Amino acid sequence: MTGTHDDSVREQFRIQASTFTDEGFAARGLDWILERLAPAADEQVLDVAAGAAHLGRALAPRVHHVSALDLTPEMLRQGQRLADAAGLRNITFALGNAVELPYPDGQFDLVVCRLALHQVADPAAMVREMVRVTRPGGRIGLVDMIADEDPTLAEETNRLECLRDPSHHRTLSLTELRTLLEAAGAAVASTAIRDHALDLTDWLARSKTPEPVGARIRARLEEELAGGAPTGLRPARHDDGSLTFTHPWAAVTGTPRG
């Protein structure tokens, strides 16, 4: 099952790789995340499920070295191109699976993951691995969109996310994110939440969602706007006719216990 899901992730992000530029949606929230992480100049950093390593590349000028690992070759190549264009020489890119990190215990000072936990079939295994490769006294940073604490509402949010992108696994709640970190052997140090508005048309185009499926998602958001049951995505109609919705993000940091 995991292999099948990983194949789905590779295919989806092979399709999306060219859209992961340093403008627009892909670069959102980086300054906010960096404030949460407080990187230091001598640190060795691991960016897990890095995609095009937007966070890893943002960290690189502030730390000693960044290792960026991802499952999808096309995403890594995109990240390497962007790193080369920026003249970054202290970031390396590696193909690998986030639930089986190819690094020894305690190798990194800071281990981060941005907007990938919702794609992973076994997020608990991924977070355990992140904690494992963090040195005692080091830090782990998890940044992802979060679902409502109400399981019924969260289920509807995830249903729509999966319609748009079949490789989507499950958006977790903030409580679940914190619990994953604690269960993996880390103490939660800080939590912050921030809303991000997305344009529906752009969101569907990036994943090349089939038009009939996109129409179903749009109709469901329109239904909520007309007074129907909530989706958890908080849609909004604007004067120009565009339809947006909201992804709340959480940044949770922690330190290995013991």
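Asker: Please clarify how the pairing of strand β5 (residues 134-145) should be interpreted in this entry.
Answerer: Looking down a regular strand, the side chains alternate between one sheet face and the other. The pairing of strand β4 (residues 108-114) with β5 spans 6 bridges and is classified as parallel. Its bridge partner being in β5, Arg114 is matched across the sheet by Val143. What joins β4 to β5 is helix α5 (residues 123-132), and the crossover it makes is right-handed. The sheet contact formed by β5 and strand β8 (residues 243-256) spans 6 bridges and is antiparallel.

Asker: Mind showing me how you'd approach helix α4 (residues 73-85) here?
Answerer: Note on helix geometry: an α-helix contains 3.6 residues per turn, so any two residues three or four positions apart are oriented the same way. End to end, α4 covers 18 Å across 13 residues, agreeing with the expected 18 Å (1.5 Å per residue, within 8%). Trailing α4 by a residue or two, Gly87 shows a phi angle of about 75 degrees, which is positive.

Asker: Can you walk me through the state of the cysteines in this structure?
Answerer: A covalent bond between the sulfur atoms of two cysteines is what we call a disulfide. All chains considered together, the criterion is met by 0 disulfides. Free of any disulfide, Cys113 has its nearest cysteine sulfur in Cys162, 17 Å distant. Judged by its relative accessible area of 28%, Cys162 is partly exposed.

Asker: For this particular structure, what's the right way to read α5?
Answerer: With 7 of 10 residues buried, α5 lies mostly within the body of the structure. Regarding α5, the residues found buried are Pro123, Ala125, Met126, Val127, Glu129, Met130 and Val131. In this fold, the buried residues of α5 make contact with β4, β5, α7 (174-183), β6 (186-199) and β8.

What counts as what
Here, residues in each chain are numbered from 1, in the same order as that chain's written sequence. With the structure being a predicted model, the display of local features is reserved for residues of pLDDT at least 70 and the display and counting of side-chain atom pairs for 80 or more, all residues being used for whole-chain, interface and lining totals. Working from all heavy atoms in the structure, the side-chain values ignore hydrogens and water. The criterion for strand pairing is that DSSP finds at least two bridges linking the strands in question. Helical segments are the DSSP runs of H or I of at least four residues, strand segments are the runs of E of at least two, and each set is numbered from the N terminus. Crossover handedness is defined here as right-handed if the route from the first strand over the helix to the second strand goes clockwise, with the strands pointing away from the viewer. In a helix, the anticipated span is given by 1.5 Å times the number of residues less one. Cysteine sulfur atoms are paired as a disulfide whenever they come within 2.5 Å of each other. Summary of the burial criterion: residues with accessible area below 20% of their type's maximum are buried, those above 50% are exposed, and those between are partly exposed, where the area comes from a 1.4 Å probe applied to protein chains only. The contact rule is simple, with two residues in contact once any of their heavy atoms fall within 4.5 Å.

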